[in-house]
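# Topology and contacts: notes
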Amino acid sequence: MNMIAKGVAPLVAALLLTACAAPQFKQPDIAVPTAFKEGQAPVQTAADGTRWKQAQPAEQQPRGEWWLAFHDPALNQLIAEATKANANLAVAAARVKQARAIAGIAEADRIPQIGVGVGAQRARASAQSLGLPQGTPVAPQTTYTASLTASYEVDLFGRVSSGVDAARSDAASVEATYRSVLLSVQADVAQTYFRLRATDAELATLEQTVRLREENVKVNQRRFDLGDIGEFDLSRAKTELATSRAEAIGLQRTRVTTEHALAVLLGKPAADFTAGVSPLLDSSLLPAIPAGLPSALLERRPDITSAQRAMEASNARIGVARAAMFPALNISANGGGAAGTFSEVFKWSSRSWVLGALMSMPLIDGGRNKNNVVRSEAALEESVASYRQSVLTAFAEVEDNLAGLRILSGQTQQIDDALVSARRSADLAQKLYDAGRSSYLDLLDAQRNLASVERAAVQLRGSRAVTTVALIRALGGGWDAAAPLAVASK
């Protein structure tokens, strides 16, 4: 019988250990395409049937500080300021410190907890409690104590190690979230900056239109005074001038709100920040961004990394929940001295000590621990679903922006052709009107068309710059390995 017991005991212990340990983490199966669909854009054609040329990646493109690829010193300065002063980034950095501290608290359970105590107590017992006749005088006594305590939980079923793993994964998840916030702040600054420059370019176009309308009013006023034209043409010229001025004033509102948004990103009051006028005149210098392989996106995107670490933390917490259903072994020790005078506390004759071990486990808990295990397993299922959603969203964002750049490139080619034709039409219409061979309405129509095409060209330049930044954000920012995260202490 003893032989059977000796053989069964190790098996039972192994089963118990297996039952309460955290399950081995398994990476969820994700359907990863072999290539981005929109990255194979040469098959797409323009409206006239010609094929659009696919951009070639810039081999010398900066891999870490991605904004340097735009070769814009003003943008570099703005991103540097935002990285130092953005409030949302400061919040994320504080959360990293908290998560690291929590991980340190969990790590502390791995080592014995040692403490020291020194104290004094003065007390007077009653005569009756000492077995003396009622009324017998009893003098008060002073007791001095000094003690050294130690306690340690033996990690029999992985509660401590699982808790440490969960805290470490939580900290890694928060750090990845910090990187995600950092990327978002940098990308928001770049996109807002390019929107501001595009607005400046659009304003420049409108101001040019206003000057043209003012010249038209002067010319028509002189011709009206000479009796060459009627009041109708003069009124139309004044109407067009007022309308163009109103559009320019309305666009100023867009510029002001964009400037204020940029100030907030920089961590500055809107009243203390003024952005200089810098029209976005050319989009040919925008960098071509290599999309890479979809599988690499899982490593580059900080939000996906955060979701990955959150899954690992949830998996580890299953081990913590399971361990609560099994015995916990705590070892404690207490040694020191007690005496009537402080000088005698440390004498050998005053010594006292206690050494103990306590093993405890729940017997009846109303299903609390069982349900806690179920809750932890459900939390893992939730984190897995969130991870899958993050991956799908990441793939979609890359495809969206690849498609956006491809389509905007095609639009730009067409609008450039339209701009050449519109300028020629406006020039011819002006000459025909001056020669008296066409009406003022024909001239206005040609000028309106030119102004519309010019504004469309400016807006496309801004959209291409903003979408380029959006693609960089979707790809996870830089293409190099993430450097160790340093969070400054204040």
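Owing to the predicted nature of the structure, the values given are computational and were not obtained by experimental measurement.

Here the focus is the overall build of the protein. Along the protein, the regular secondary structure elements total nine helices and four strands. Restricting to contacts in the protein with at least 6 residues of sequence separation, those with at least 24 account for 82%. When the accessible surface of the protein is summed, it comes to about 28000 Å², and 57% of that surface belongs to carbon and sulfur atoms.

A contiguous nonpolar surface patch, about 700 Å² in accessible area, is contributed by I114, V116, V118, L148, F342 and F346. Examining the composition of the nonpolar patch, we find that three residues originate from one element, strand 1 (residues 113–123), more than from any other. By secondary structure assignment, the location of F342 is in the loop between strand 3 (328–339) and strand 4 (351–360).

Core analysis: the biggest nonpolar cluster contains 44 residues, and W66, F70, L75, V189, F194 and V398 have the highest contact counts within it. Taken together, the elements giving at least two residues each to this core come down to helix 2 (73–85), helix 4 (159–226), helix 5 (231–265), helix 7 (302–323), helix 8 (368–434) and helix 9 (440–474). Among the elements that line this core, the one with the most residues is helix 4, at eight residues. Aside from chain neighbours lying at most four places away, what touches F194 is F70, L75, L280, A465, V466 and V469.

This next bit is on the pattern of salt bridges. A full pass over the atoms with the stated rule returns 22 salt bridges. Residue D72 is joined to R197 by a salt bridge in which the shortest nitrogen-to-oxygen separation is 3.0 Å. Of the two residues, D72 is situated in the loop between helix 1 (2–20) and helix 2 and R197 in helix 4; the sequence distance between them amounts to 125 residues. Take D72 and R197: they sit in the same class, and that class is buried. Note that R301 is salt-bridged to D303, the shortest N-O span being 2.9 Å.

A few words on the side chain of S383. Along the polypeptide, S383 turns up in helix 8. Setting aside residues up to four positions removed in sequence, S383 forms contacts with A310, M311 and S314.

Let's shift gears to the sheet that holds strand 2 (residues 141–154). In spatial order, the strands read 1-2-3-4; together these four strands make up an open sheet with antiparallel pairing. Looking along the sheet, the strands with just one partner apiece sit at the ends: strand 1 and strand 4. Averaged over all pairs of adjacent strands, the angle between strand axes in this sheet comes to 20 degrees, irrespective of strand direction. Here strand 3 pairs with strand 4 via ten bridges, running antiparallel. By the bridge assignment for strand 4, S332 is matched with G356.

The next point concerns the pairing of strand 2. Judged from the eleven bridges that link them, strand 1 and strand 2 form a sheet pairing that is antiparallel. Directly across from R122, in strand 2, lies its bridge partner T142. Relative to strand 3, strand 2 is paired through eleven bridges, and the arrangement is antiparallel. Paired with S151 across the strands is S332, a residue of strand 3.

Bringing the environment of S147 into the picture now. With respect to the helices and strands, S147 occurs in strand 2. For the pair S147 and S352, spaced 205 residues apart in sequence, the C-alpha to C-alpha distance is 8.8 Å. Once you skip the residues sitting within four places of it in the chain, S147 turns out to touch G115, V116, G117, N334, G335 and G336.

So, about the confidence of the model for the protein. On average, the protein scores 83 in pLDDT, and the residues at 70 or more come to 88%. Low confidence marks residues 14–18, where pLDDT is under 50. Its contacts with residues over four positions away, or in another chain, come to five contacts. Below a pLDDT of 50 lies the segment residues 41–63, which in the model reaches 39 contacts outside its immediate sequence neighbourhood of four places, other chains included.

Think of a pair of aromatic rings as described by two things: how far the centres are apart, and how the planes are tilted against each other in angle. Applying the stated criterion to the full structure yields four aromatic pairs. Relative to W67, the ring of W66 has its centre 5.5 Å away and its plane inclined at 80 degrees; by these criteria the two rings are edge-to-face. Looking at W67, the relative accessible area reads 11%, which means it is buried. An aromatic cluster of at least three residues, connected via ring pairs, comprises F70, Y193 and F194. Sitting over the face of the ring of Y433, R223 holds its NZ or CZ atom 4.9 Å from the ring centroid.

A few words on helix 2. Spanning 13 residues, helix 2 covers 19 Å between terminal C-alpha atoms, matching the ideal 18 Å at 1.5 Å per step. Those residues of helix 2 that fall on the buried side of the exposure criterion are L75, L78, I79 and A82. For helix 2, the angular spread of the buried residues around the axis is 95 degrees, confining them to a single face. Away from its buried face by more than 90 degrees, helix 2 exposes P73 and K84. Residues of helix 2 that are buried in the fold lie against helix 3 (87–108), helix 4 and helix 5. Taking the backbone nitrogen of A74 as reference, a side-chain oxygen 3.1 Å away marks D72 as the first, capping residue of helix 2.

Taking 1.5 Å per residue, 68 residues should reach 100 Å; helix 4 reaches 98 Å between its end C-alpha atoms and fits that length. Immediately downstream of helix 4, the backbone of G227 shows phi near 85 degrees, a positive value.

If you want to describe how two helices pack, look at the angle between their axes and the distance between the axes. One way to put it is that helix 8 packs onto helix 9 with a least axis distance of 8 Å and a crossing angle of 160 degrees. In terms of their interaxial angle, helix 8 and helix 9 are classed as roughly antiparallel. Note on packing geometry: the crossing formed by helix 8 with helix 9 is left-handed. Looking at side-chain class alone, the contact of helix 8 with helix 9 contains 22 nonpolar, twelve polar and five charged residues.

For H71, which is not glycine, the phi dihedral falls at a positive 55 degrees. Inspection of the secondary structure puts H71 in the loop between helix 1 and helix 2. Accessibility expressed as a relative area gives 66% for H71, which makes it exposed.

The next point concerns the side chain of T412. As for its placement among the helices and strands, T412 is situated in helix 8. Among the polar contacts listed, one links the side chain of T412 to the backbone oxygen of L408, at a separation of 2.7 Å.

Procedures and definitions
Residues numbered from 1 in each chain as written. Predicted model: local features only at pLDDT ≥ 70, side-chain atom pairs only at ≥ 80, totals over all residues. Heavy atoms only, no water. Helix = DSSP H or I, 4+ residues; strand = E, 2+ residues; numbered from the N terminus. Contact = heavy atoms within 4.5 Å. Areas by Shrake-Rupley, 256 points an atom, 1.4 Å probe, with all protein chains shown as cover. Patch = residues over 30% accessible without salt bridge, like charges linked within 9 Å, V, L, I, M, F, W, Y side chains within 5 Å. Salt bridge = Lys/Arg side-chain N within 4 Å of Asp/Glu carboxyl O. Core = buried A, V, L, I, M, F, W, Y, C linked by side-chain atoms within 4.5 Å. Buried < 20%, exposed > 50% of the residue type's maximum accessible area, 1.4 Å probe, protein only. Pairing = 2+ DSSP bridges. Axes fitted to C-alpha atoms, helices over the stretch in contact; angles between N-to-C directions. pLDDT = per-residue confidence, 0-100. Phe/Tyr/Trp six-rings, centres within 6.5 Å; stacked < 30°, edge-to-face > 60°. Lys NZ or Arg CZ within 6 Å of the ring centre and 35° of its normal. Expected span 1.5 Å × (residues − 1). Arc of directions from axis to C-beta. Polar contact = N/O pair within 3.5 Å; in protein donor to acceptor, adjacent residues only side chain to side chain. Parallel < 35°, antiparallel > 145°, perpendicular 65-115°, else oblique. Left-handed = near helix turned anticlockwise from the far one by under 90°. Nonpolar A, V, L, I, M, F, W, Y, C, P; charged D, E, K, R; others polar.

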